[in-house]
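# Structural description and commentary
Take a look at the letters that make up each chain.
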Number of protein chains: 2
Amino acid sequence: MKLKMMYSFLNSDLTIIEEALEETVQAESPLLHQASLHLLKAGGKRIRPVFVLLAGKFGAYDIDKIKNVAVALELIHMASLVHDDVIDDAELRRGKPTIKAKWDNRIAMYTGDYIFARALELMTEIEKPFAHQILANTLVELCIGEIEQIKDKYNFEQNTRNYFRRIKRKTAILIAVSCQLGAIAADVDEEIHKKLYQFGYYVGMSYQIIDDVLDFTGTEKQLGKPTGDDLHQGNITLPVLFAMRDERIRERIIKVQASTERDEIEQIIAMIKESGAIEESLLVSDRYLKKGLEILNELPQNRAKKTLRDIAKIIGKRKF
Amino acid sequence: MKLKMMYSFLNSDLTIIEEALEETVQAESPLLHQASLHLLKAGGKRIRPVFVLLAGKFGAYDIDKIKNVAVALELIHMASLVHDDVIDDAELRRGKPTIKAKWDNRIAMYTGDYIFARALELMTEIEKPFAHQILANTLVELCIGEIEQIKDKYNFEQNTRNYFRRIKRKTAILIAVSCQLGAIAADVDEEIHKKLYQFGYYVGMSYQIIDDVLDFTGTEKQLGKPTGDDLHQGNITLPVLFAMRDERIRERIIKVQASTERDEIEQIIAMIKESGAIEESLLVSDRYLKKGLEILNELPQNRAKKTLRDIAKIIGKRKF
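Going by an unreviewed UniProt entry, chain A carries the name Heptaprenyl diphosphate synthase component II and comes from Cytobacillus mangrovibacter. In its Sequence similarities (unreviewed entry) section, UniProt records this for chain A: "Belongs to the FPP/GGPP synthase family."

We now examine the overall build of chain A. Tallying secondary structure elements over chain A gives 17 helices and two strands in all. Whereas a compact globule of 320 residues would reach a radius of gyration of roughly 20 Å, chain A reaches 19 Å, a difference of no more than 12%. By its C-alpha atoms, chain A is 55 × 50 × 35 Å across when sized along the principal axes. Per-residue burial over chain A gives 61% buried out of 320 residues. Of the accessible surface of chain A, which amounts to about 13,000 Å², a share of 49% is contributed by carbon and sulfur atoms. For chain A, the distance from the average position of its 47 positive side-chain charges to the average position of its 48 negative side-chain charges is 4 Å.

Before going further, it helps to examine the relation of the copies chain B and chain A. Mapping chain B onto chain A calls for a rotation angle of 180 degrees and an axial translation of 0.0 Å; the resulting RMSD is 0.0 Å. Viewed as a symmetry operation, the transformation between the two copies matches a two-fold axis. When you check the interface residues of chain B against chain A, 100% turn up at the interface there too, and the contact is symmetric in its surfaces.

All right, on to helix 2 (residues 11-24) of chain B then. Residue and element names in this part refer to chain B. Taking 1.5 Å per residue, 14 residues should reach 20 Å; helix 2 reaches 20 Å between its end C-alpha atoms and fits that length. Of all the positions in helix 2, only D13, L14, I17, A20, L21 and T24 are classed as buried. All buried residues of helix 2 project into a common sector of 115 degrees when viewed along the axis, lining one side. Opposite the buried face of helix 2, by more than 90 degrees, sit the exposed residues S12, E19 and E23.

All right, on to the interface of chain B and chain A then. Tallying the contact residues gives 39 residues for chain B and 39 residues for chain A. When chain B packs against chain A, close to 3,800 Å² is buried across both sides, 74% of that on carbon and sulfur atoms. Together, R106, Y110 and I147 of chain B form the three largest contributors to the area buried by chain B at its contact with chain A, with a combined 18%. At the junction of chain B with chain A, the criterion picks out zero salt bridges. Our count for the chain B to chain A interface comes out at eight residue pairs in polar contact (both at pLDDT 80 or more). Among the residues making up the side of chain B that touches chain A, the classes are represented as 19 nonpolar, eight polar and twelve charged.

Counted by the stated rule, this structure contains 37 salt bridges over all chains. Put simply, R248 of chain A and D246 of chain A hold a salt bridge, and the shortest N to O gap is 3.7 Å. Residue class for R248 of chain A comes out exposed when judged on its relative accessible area of 52%. With a shortest N-O distance of 2.8 Å, R245 of chain B and E280 of chain B are connected by a salt bridge. Of the two residues, R245 of chain B is situated in the loop between helix 13 (238-243) and helix 14 (247-253) and E280 of chain B in helix 16 (residues 277-297); the sequence distance between them amounts to 35 residues. Taking the relative accessible area as the measure of exposure, R245 of chain B reaches 56% and is therefore exposed. In this structure, a network of salt bridges that share partners links the residues E18, R46 and E74 of chain A.

Another point: unusual backbone geometry. A negative phi angle is the norm for most residues apart from glycine, just as the trans form is the norm for most peptide bonds. Residue and element names in this part refer to chain A. Backbone geometry places Y154, a non-glycine residue, at a positive phi of 55 degrees. Mapped onto the secondary structure, Y154 falls in the loop between helix 8 (129-151) and helix 9 (160-185). Judged by its relative accessible area of 27%, Y154 is partly exposed.

Before going further, it helps to spend a moment on the packing of aromatic side chains. All names here are of chain A. In the structure shown here, the tally under the stated rule is eleven aromatic pairs over all chains. Linked through ring pairs, Y163, F164, Y201, Y202 and Y288 together constitute an aromatic cluster. One residue, R303, lies across the ring of F9, its end atom 4.1 Å from the ring centre.

Moving on, we get to empty space enclosed by the protein. Tallying each qualifying case throughout the model produces seven cavities of 30 Å³ or more. Taken as a whole, the largest cavity spans an internal volume of roughly 370 Å³. As for the largest cavity, its lining consists of 26 residues, of which H83, D113 and F116 of chain A together with D113 and F116 of chain B are closest to the centre. Of all the secondary-structure elements, those providing two or more residues to the lining of the largest cavity are helix 5 (63-88), helix 7 (105-123) and helix 8 of chain A together with helix 5 (63-88), helix 7 (105-123) and helix 8 (129-151) of chain B. Residues of the lining of the largest cavity, tallied by class, amount to 16 nonpolar, six polar and four charged. Looking at the second largest cavity, it is lined by 14 residues, and the ones nearest its centre are L120, T124 and H132 of chain A together with L120 and H132 of chain B. Of the residues assigned to the lining of the second largest cavity, the class counts are ten nonpolar, four polar and no charged.

Residues and elements named next belong to chain B. If you trace the backbone, A20 turns up in helix 2. Of the residues examined, A20 reaches a relative accessible area of 13% and is grouped as buried. Residues A20 and N68 lie 48 residues apart in sequence; the distance between their C-alpha atoms is 8.4 Å.

By size, the foremost hydrophobic cluster in this structure holds 235 residues, and its most contacted members are F51, L181 and I272 of chain A together with F51, L181 and I272 of chain B. The element contributing the most residues to this core is helix 9 (residues 160-185) of chain B, with 14 residues. With sequence-adjacent residues up to four places away left out, L181 of chain B is seen in contact with V69, L73, M123, A131, I134 and L135 of chain B.

Residue and element names in this part refer to chain B. For the pair helix 9 and helix 10 (residues 190-217), interaxial distance at closest approach is 7 Å and the crossing angle is 140 degrees. Viewed along their axes, helix 9 and helix 10 adopt a mutual orientation that is oblique. In this structure, helix 9 meets helix 10 at a crossing whose hand is right-handed.

Time to look at the environment of L40 of chain B. Residue position: L40 of chain B is located in helix 3 (residues 30-41). Remark: the alpha-carbon pair of L40 of chain B and E18 of chain B, spanning 22 residues in sequence, is separated by 9.1 Å.

The next subject is the confidence of the model for chain A. Residue and element names in this part refer to chain A. A residue-level look at chain A finds 96% of positions with pLDDT of 70 or above and a mean pLDDT of 90. Within chain A, the element-level pLDDT minimum falls on strand 1 (residues 92-93), averaging 68, and the maximum on helix 13 (residues 238-243), averaging 98. Reported confidences for the modelled complex are a pTM of 0.89 and an ipTM of 0.86.

Once that is clear, we can look at the side chain of Q149 of chain B. Residue and element names in this part refer to chain B. Secondary-structure assignment places Q149 in helix 8. Under the relative-accessibility criterion, Q149 is labelled buried at 8%. A polar contact of 3.3 Å, which involves the side chain of Q149, links it to the side chain of K170. Among the polar contacts made by the side chain of Q149, one reaches the side chain of N235 at a distance of 3.3 Å.

Definitions and limits used
- Residues numbered from 1 in each chain as written.
- Chains lettered and ligands numbered in written order.
- Predicted model: local features only at pLDDT ≥ 70, side-chain atom pairs only at ≥ 80, totals over all residues.
- Heavy atoms only, no water.
- UniProt positions renumbered as here; feature names shortened; annotations may be inferred.
- Helix = DSSP H or I, 4+ residues; strand = E, 2+ residues; numbered from the N terminus.
- Rg over C-alpha atoms; globule rule 2.2 N^0.38 Å.
- Buried < 20%, exposed > 50% of the residue type's maximum accessible area, 1.4 Å probe, protein only.
- Areas by Shrake-Rupley, 256 points an atom, 1.4 Å probe, with all protein chains shown as cover.
- Lys, Arg positive; Asp, Glu negative; His and termini not counted.
- Charge placed at Lys NZ, Arg CZ, Asp CG, Glu CD.
- Least-squares fit on C-alpha atoms with pLDDT ≥ 70 in both.
- Contact = heavy atoms within 4.5 Å.
- Expected span 1.5 Å × (residues − 1).
- Arc of directions from axis to C-beta.
- Buried area = accessible area lost by both parts, 1.4 Å probe.
- Salt bridge = Lys/Arg side-chain N within 4 Å of Asp/Glu carboxyl O.
- Polar contact = N/O pair within 3.5 Å; in protein donor to acceptor, adjacent residues only side chain to side chain.
- Nonpolar A, V, L, I, M, F, W, Y, C, P; charged D, E, K, R; others polar.
- Phe/Tyr/Trp six-rings, centres within 6.5 Å; stacked < 30°, edge-to-face > 60°.
- Lys NZ or Arg CZ within 6 Å of the ring centre and 35° of its normal.
- 1 Å grid on protein atoms, 1.4 Å probe; cavity = no way out; pocket = protein on both sides within 12 Å on 5 of 7 lines; lining within 4 Å.
- Points joined across faces, edges and corners; volume = space filled by probe spheres on them.
- Core = buried A, V, L, I, M, F, W, Y, C linked by side-chain atoms within 4.5 Å.
- Axes fitted to C-alpha atoms, helices over the stretch in contact; angles between N-to-C directions.
- Parallel < 35°, antiparallel > 145°, perpendicular 65-115°, else oblique.
- Left-handed = near helix turned anticlockwise from the far one by under 90°.
- pLDDT = per-residue confidence, 0-100.

In C-alpha cells, the structure reads:
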C-alpha cells in the first residue's frame, strides 16, 4: 500500500496545503520565486504536513488555522534542504538539479533564508507563545545538528552515540515537533501533545536510519543520486559504523575521501552489504518504530491514530 | 562627541546586553561557539540595541524584558552580516578575518543560521503576537533585499529607485523595527511605536547612504577594507549612480568587474569624488535625517528623545 493512499481522507486538506505552499513562496523577486518554486516542484513526501494534520485531528481541527503550521514546517524542512545542498556540494536532489547547481551557492543560501522567513511569517498566525518557543528551540537544535554533521564529516573515529545525537537534531526533532505543533494548534491537552512529540521523535529516528540504509541498498534511480553517496561525501551513518567493527572493512572505509574513485566506493558498498550492517541497522530502526507504536497505544482512539500507525509501519518498510 | 558618550546613561544596561550576547551564542558545539564569539568580539556599534533600549524608555522600561529584544535584533543583524560575507566573498569585516575566511563558507552559513535561531529563541520571551508578525515580515524583506543585491550586482542599468528600495530592505527596516519592537516590549501605545518605526526608518536610510559614501571617502584603515570595495564588488551605490550621470565617468564605471585592476578602481574613486556625487549623496542623507528629526518632534519629551536626536545628528556627520 502506498503512503499516499493511507491518508486519502486528508486529500482535500493536502491540496489546500499544496496550494498554500505555492502561494507562500511567491515573491516580488522573480529569482527568489523561481528558485523556491523549483524546490517545491521537486516534490517530496510532505511527511511533516501529514503529521501536522493528523496530530491536529486529536483536537479542535480547523484547517484554516492548522494549515499555517503544516506549511511552515514543510518550508522549514525545505529551507534546511537547500542549505544542506550547499554544504554537501550536491548537484542533484530527488533526481533534479539542486538550487545551488542550477543557480549558485549564494542564491541557494538566500533562498533558504527566504523560505525560512516565510515559514516564520505563517507561524505568527498561531498566537501561542509556547508554540513559538518549541519551534525556536527546534531551530537551534537543527543548526547544531548541521554544524556537527560538518564537523563529523570523514571523521571515522565517531561512535553510534554521535550518530544518534546527530540524526535526532537533524531529522527526528522536526518530525516530533510537527506532531506536537499540529496538536497545539488544535488546542490539544499538554499530556497528549507531548505524547505525539514522543511518537514523532521515535518515528523520525526510524525514518532517518532507513534513509541511511537506503543510501546503500537503493538504486541510483530510486535515490535520485548515486548509491553510497552519503559515505562518499563523508557522512558516517549507522550501517558504516556497524560495518567498521570488521577491521578489514574499516581499513578500506577510513581511506574514503571526496576524491575516492567510484569503483572503490562500489566495492565498499558491497562489503557493507555483506557484513550484516544493513540488517543490524534495520533492527535498530525497528526498535525505534516499536517504541513509537507503543506511545500511540496511549493515545485516544480515532481515525488519525489508525493512520499514524499505518504510516509508521510503512516508514519501517519503505524501499525509497 | 563620540557616539558612546551620548548614551552613557545606558551604560549599565548596555553591559547587560553585551553579557547576554555572549551568553546567548554559547553552544555545546565548540566550533559554533568559537565562530559566533569571533563575530561578537569583532565589535560593532551596537546601534540596534541602543535604539531598542531608547525606544523602550518611552514606555514601561524593564531591562529584563527588553534585553531580549535588544540582543535578538543585534544577533539578527550579525547573522545577516555573516551571510553577507559569504555572498561578498569578503575576507575582512571590521578589519578582522571573516568567519568564511577563518573557517569556510559552510561554517559561515550555519553560524548565521544558528545565531539567527538563537535570536528567535530570545524573541519568544515577548508574548505579543504582533511583535512576531512585525519581525517575521522584516526578515522576509531582509532576504528579498539580499537577493536583489545579488541580482543587481554589476548591473549598471539600475536607477536610484532600485538603490533606495534595496537599502530600505537591507538596512533601514531593521533599524526601524529595532525602535518599534523596543517600544512594543515596553507596552508603548501604537501611535508612538509607529512613529518610532518611522524615525528609525529615516535614520536607517541616512545611515546606509553615509555608509555608502564612506566606502569612497574613508581610508582603508578606517573602513577595515580597501576604499571603493563596494564598487569593486559590484554593489552600485548612490554616489556611483550620481557620478554615472557624467557620460565620461559612466564609460569607466560600467567596465568595472571583480578582475578590474586596483589602479583603475582608484582612478574611478578619484573621478567620483571630483564629480560632486559625494556631496549630492550627503544631501540626500541629510534630507532623510531631517525627516527623522521631524518625527521626533511629535514624540513626548524625555531624555531618550534627546539622545535619539543626538545620535541621529552624529550619524549624519560620522566619518567612519
